[in-house]
Amino acid sequence: MTNREHDLADGEFAYQRVADELRQGINSEEWGPGDRLPTRAQLAERFGVSPATINEALKRLRRDELIVTRQGSGSFVRGGAQDGRRAAPRATGSVEGGGGGDTWAVESEGVTPVMLKPYLAEAFEAPEVTLDVFSMTTESLTKRVSDQKDRIMEGEIPPPRSIKARLMLPDCDSPNLAIPRRIDGTDEPRVRQRLKAILQSHATMFKEALYELQRCTPAPEVEVEVRVVPFSPQVKLYILNRHLALQGFYVPDVGTIQLLPGREEVGIYDAYGTGATLFPYRASNDDAENRRGVVQKCQAFFDSNWKYLATRVDL
């Protein structure tokens, strides 16, 4: 039996599980921009799989533009100096729509994959913080918000006057979710309930991190509302302080999960948002017609779904 056949016998999509673990390591900054990943041999030993499986996992990360591989040097997290990337200058100006001569426009900025952190850090330095989020689980966001809570609690930055967050997530009780779903197309409640448990865990930690800030002096006004929609998001969207939109994509893929009882392993269609490349757009006074309105349209998209299709839930 070849190594590849061995991995297939142990779990047909072992490489996908390895890729997801590596994504989470990058997202949690176990390996930051420019860091070298462990060697293939080290990763194979770490995950208990063959080098062929590691090759497949790394291929997926390269496809998602999370890493670069250089012959003879290894694989590196994108975003270090070796990439030769330079972010575009930040745009400034009024962000309010409507009268008074104000206009909506955007500037597309260069961005490194998995770099939500600096944008969120910037948002939390404002006197009033608003977070509108449409995502599958809020896993990436929760970690970054906890970091900002620590900055405030440790006195690194002053607490904002107010923090208002709206989380819009998939309704895991809906049998119509396209993702996650069994490969054969049938609805499996255990698949949806597994997602629900993950979603509730991260959303609860998100709320607790923000409400903990009410212990600060002065204590900020904190408001968090969670609503669910009866469909799976295909786009991950963060709108920070109503003037910066960060947009990523949930790309459907095949994976495996273990379901209880019995740890039954089933193949599913899923979307892996952890480590997704984010494309940022910042509102400005630039009146270029070909760039006008992207942030405004992102906000309108969120507000419309929130108002008409989302249902409030208590976690």
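A short note on the overall build of the protein chain
No. 1: When you go through the protein chain residue by residue, the secondary structure sums to eight helices and 13 strands.
No. 2: Burial statistics for the protein chain: of 315 residues in total, 48% are counted as buried.
No. 3: Long-range pairs, those at least 24 residues apart, make up 73% of the contacts in the protein chain with a sequence separation of at least 6.
No. 4: In the structure as shown, the protein chain presents an accessible area of about 15,300 Å², 48% of it carried by carbon and sulfur atoms.

Looking at the confidence of the model for the protein chain
No. 1: In this model, the protein chain carries an average pLDDT of 81, and 79% of its residues clear a pLDDT of 70 or more.
No. 2: Predicted confidence is poor over residues 84-114, with pLDDT under 50, and the contacts of this stretch with residues over four places away or in other chains come to 80 contacts.
No. 3: Across residues 287-291, confidence stays below pLDDT 50; counting only partners more than four residues off in sequence or on other chains, it has six contacts.

Observations concerning the pattern of salt bridges
No. 1: The full count for this structure, using the stated rule, is 24 salt bridges.
No. 2: The salt bridge partner of Glu56 is Lys59, with a shortest N-O separation of 3.5 Å. Pair noted here: Glu56 and Lys59 are both in helix α4 (residues 51-63), with a separation of three residues, about one helical turn.
No. 3: A single network of salt bridges, built from pairs that share partners, joins Arg182, Asp184, Glu188, Arg190 and Glu264.

With respect to the sheet that holds strand β10 (residues 252-259)
No. 1: Spatial ordering of the open sheet is given by β6-β11-β10, a layout of three strands whose pairing is antiparallel. Unpaired on one side and paired on the other, β6 (181-182) and β10 mark the two borders of the sheet.
No. 2: Bridge count for β10 against strand β11 (residues 264-271) is eight bridges, and the pairing is antiparallel. Paired with Gln258 across the bridge in β11 is Glu265.
No. 3: Lying on the sheet, helix α7 (residues 189-212) is in contact with β6, β10 and β11; it crosses β10 at an angle near 95°.

Here's the deal with the environment of Glu225
No. 1: The topology assignment puts Glu225 in strand β7 (residues 221-229).
No. 2: Separated by 89 residues in sequence, Glu225 and Asp314 place their C-alpha atoms 8.4 Å apart.
No. 3: When sequence neighbours within four positions are dropped, the list of residues in contact with Glu225 reads Ala165, Arg166, Leu167, Trp306 and Arg312.

What to know about the packing of aromatic side chains
No. 1: Scanning the model with the defined rule gives four aromatic pairs in all.
No. 2: Here the aromatic rings of Phe134 and Phe231 are separated by 6.3 Å at their centres, their planes lie at 85°, and the arrangement is edge-to-face. Taken together, the positions of Phe134 in strand β4 (residues 128-134) and Phe231 in the loop between β7 and β8 (235-240) put the pair 97 residues apart, joining distant regions of the chain.
No. 3: On the basis of relative accessible area, Phe134 is assigned to the buried category, the value being 2%.
No. 4: An aromatic cluster is present here, built from Phe134, Phe231 and Phe301 joined pairwise through their rings.

Here we look at the nonpolar core
No. 1: Of all hydrophobic cores here, the largest spans 37 residues; its most connected members are Phe124, Leu131, Leu141, Val145, Phe206, Leu210 and Leu240.
No. 2: Contributing elements (two or more residues each) for this core: α5 (116-123), β4, α6 (139-153), β5 (162-170), α7, β7, β8 and β9 (244-249).
No. 3: The biggest single contributor to this core is α7, with six residues.
No. 4: Grouped together as the second largest cluster of nonpolar side chains are 16 residues, Ile26, Ala57, Leu66 and Ile67 included.

Remarks on the side chain of Arg192
No. 1: Structurally, Arg192 is set in helix α7.
No. 2: For Arg192, a relative accessible area of 8% gives the class buried.
No. 3: Those residues in contact with Arg192 that sit more than four places away from it in its chain are Cys172, Asp173, Ser174, Pro175, Leu177 and Asp187.

Focus: the pairing of β8
Within a regular beta strand, the side chains point alternately toward one face of the sheet and then the other, so they alternate between its two faces.
No. 1: Where burial is concerned, most of β8 is hidden: five out of the six residues are buried.
No. 2: Sheet topology places β8 next to β9; six bridges connect them, and they run antiparallel. Within β9, the residue paired with Leu237 across the bridge is Gln247.
No. 3: As consecutive antiparallel partners, β8 and β9 are separated by three residues, and within that stretch Asn241 has a phi angle of approximately 55°, a positive value.

Quick look at unusual backbone geometry
No. 1: Between Ile179 and Pro180 the backbone carries a cis peptide bond, its omega angle lying at -5°.
No. 2: Within the secondary structure layout, Pro180 lies in the loop between β5 and β6.
No. 3: One non-glycine residue with positive phi stands out, namely Thr138, at about 65°.
No. 4: In this fold, Thr138 is placed in the loop between β4 and α6.

Description of α7
For the α-helix, the turn length of 3.6 residues means that residues three or four positions removed from each other point alike.
No. 1: The terminal C-alpha atoms of α7, which comprises 24 residues, lie 34 Å apart, in line with the 34 Å expected from a rise of 1.5 Å per residue.
No. 2: Within the sequence span of α7, burial applies to Val191, Arg192, Leu195, Leu199, His202, Ala203, Phe206, Lys207, Ala209 and Leu210.
No. 3: One side-chain oxygen at the N-terminal end of α7 lies 3.0 Å from the backbone nitrogen of Arg190; it belongs to Glu188.

Here is what the cut-offs are and how they apply
- Residues numbered from 1 in each chain as written.
- Predicted model: local features only at pLDDT ≥ 70, side-chain atom pairs only at ≥ 80, totals over all residues.
- Heavy atoms only, no water.
- Helix = DSSP H or I, 4+ residues; strand = E, 2+ residues; numbered from the N terminus.
- Buried < 20%, exposed > 50% of the residue type's maximum accessible area, 1.4 Å probe, protein only.
- Contact = heavy atoms within 4.5 Å.
- Areas by Shrake-Rupley, 256 points an atom, 1.4 Å probe, with all protein chains shown as cover.
- pLDDT = per-residue confidence, 0-100.
- Salt bridge = Lys/Arg side-chain N within 4 Å of Asp/Glu carboxyl O.
- Pairing = 2+ DSSP bridges.
- Axes fitted to C-alpha atoms, helices over the stretch in contact; angles between N-to-C directions.
- Phe/Tyr/Trp six-rings, centres within 6.5 Å; stacked < 30°, edge-to-face > 60°.
- Core = buried A, V, L, I, M, F, W, Y, C linked by side-chain atoms within 4.5 Å.
- Expected span 1.5 Å × (residues − 1).
- Polar contact = N/O pair within 3.5 Å; in protein donor to acceptor, adjacent residues only side chain to side chain.

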